[in-house]
Amino acid sequence: MMETKYKETINAPEIESKYRHPFILETFDSLASGEFLQLKNDHDPRPLHYQFMQERTDLFTWEYLEEGPAIWRVAIGKR
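Remember, it's a predicted structure, so these values are computed and weren't measured experimentally.

Engineer: How should I be thinking about the side chain of K78 in this particular structure?
Structural biologist: By the secondary structure assignment, K78 is in strand β4 (residues 72-78). Within polar-contact distance, the side chain of K78 engages the backbone oxygen of L31 at 3.0 Å.

Structure representation (structure tokens):
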């Protein structure tokens with residue numbers, strides 16, 4: 001099994017909440033096709049997933065790497 005290489009790692013709790021989703025989406029948009037970012041959060045980032053489904057339909061992959069209770073990690077890939 002091949003280990004995923006992350007172009008970016010974002011620790012969401014370190015970003016002020018009103019800037020968090022825009023920053024994550026901007027970082028995603030800067031990825032090339034086939035690249036991944038790793039998102040770390042202190043809760044399930046489900047609202048962000050819904051936003052990706054609405055605004056980046058068919059452009060991303062979403063895989064939970066760790067699902068709480070203290071830390072949530074998600075691999076978000078660009079197709």
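After that view, the rundown keeps rolling.
Engineer: Mind showing me how you'd approach the pairing of strand β1 (residues 6-11) here?
Structural biologist: Regular strands place side chains that alternate from one sheet face to the opposite one. Sheet analysis places β1 next to strand β2 (residues 36-41), joined by five bridges and oriented parallel. Across the sheet, residue Y6 finds its bridge partner in β2, namely F36. What joins β1 to β2 is helix α1 (residues 17-29), and the crossover it makes is right-handed.

Engineer: Got a minute to help me understand unusual backbone geometry in this structure?
Structural biologist: Leave glycine aside and you will find that most residues have negative phi; peptide bonds, for their part, are mostly trans. Cis rather than trans, the peptide bond between G68 and P69 has omega equal to 10°. Positionally, P69 belongs in the loop between β3 (60-67) and β4. The backbone phi angle of D58 is positive, close to 65°, even though this residue is not glycine. Note that D58 resides in the loop between α2 (46-55) and β3.

Engineer: Explain the packing of aromatic side chains here, please?
Structural biologist: Two measures describe an aromatic ring pair: the distance that separates the ring centres and the angle between the ring planes. This structure, assessed with the given rule, holds five aromatic pairs. On the basis of an interplanar angle of 85° and a centroid distance of 5.1 Å, the ring pair of F28 and F52 is categorised as edge-to-face. Here F28 is found in helix α1, whereas its partner F52 is found in helix α2, with 24 residues between them in sequence. Judged on exposure class, the residue F28 and its partner F52 are both buried. Here the aromatic rings of F52 and F60 are separated by 5.1 Å at their centres, their planes lie at 55°, and the arrangement is tilted. Accessibility expressed as a relative area gives 0% for F52, which makes it buried. Relative accessible area serves as the criterion here: at 10%, F60 is assigned to the buried category.

Engineer: Looking at this structure, I do not really get α1. What am I missing?
Structural biologist: Since the α-helix turns once every 3.6 residues, residues separated by three or four places project in the same direction. Counted at 1.5 Å a residue, the expected span for α1 with its 13 residues is 18 Å, and the 19 Å between its end C-alpha atoms agrees. When we look at burial in α1, the residues that qualify are R20, I24, L25, T27 and F28. The arc enclosing the buried residues of α1, seen along the axis, measures out at 160°, which places them on a common side. α1 presents K18 and E26 as exposed residues on the side facing more than 90 degrees away from its buried surface. Residues of α1 that are buried make contact with β1, β2, α2, β3 and β4.

Analysis parameters
- Counting restarts for each chain, with residues numbered from 1 along the sequence as it is written.
- Local features in a predicted model are, by the rule used here, given only for residues with pLDDT of at least 70; side-chain atom pairs are given and counted only at 80 or more, and totals for whole chains, interfaces and linings are based on all residues.
- Remark: hydrogens and water are excluded; side-chain values derive from all non-hydrogen atoms of the structure.
- Numbered from the N terminus, helices here are DSSP runs of H or I no shorter than four residues, and strands are runs of E no shorter than two.
- Pairs of N or O atoms are called polar contacts if they sit within 3.5 Å, as long as, within protein, a hydrogen donor faces a hydrogen acceptor (for residues adjacent in sequence, only side-chain-to-side-chain pairs).
- Between any two strands, at least two bridges found by DSSP are needed for them to pair.
- Here is how to tell: hold the view so the strands point away, follow the path from the first strand over the helix to the second, and if it runs clockwise the crossover is right-handed.
- What counts as a ring pair is set by centres within 6.5 Å for rings of Phe, Tyr and Trp (its six-membered ring), and what kind of pair is set by the plane angle: stacked under 30 degrees, edge-to-face over 60, tilted for all other angles.
- With a 1.4 Å probe rolled over the protein chains alone, any residue whose accessible area is under 20% of its type maximum counts as buried; one over 50% counts as exposed, and the rest are partly exposed.
- A helix's residues, less one, multiplied by 1.5 Å, set its expected span.
- As used here, the arc belongs to the directions running from the helix axis to the C-beta atoms.
- We call two residues contacting when some pair of their heavy atoms lies within 4.5 Å.

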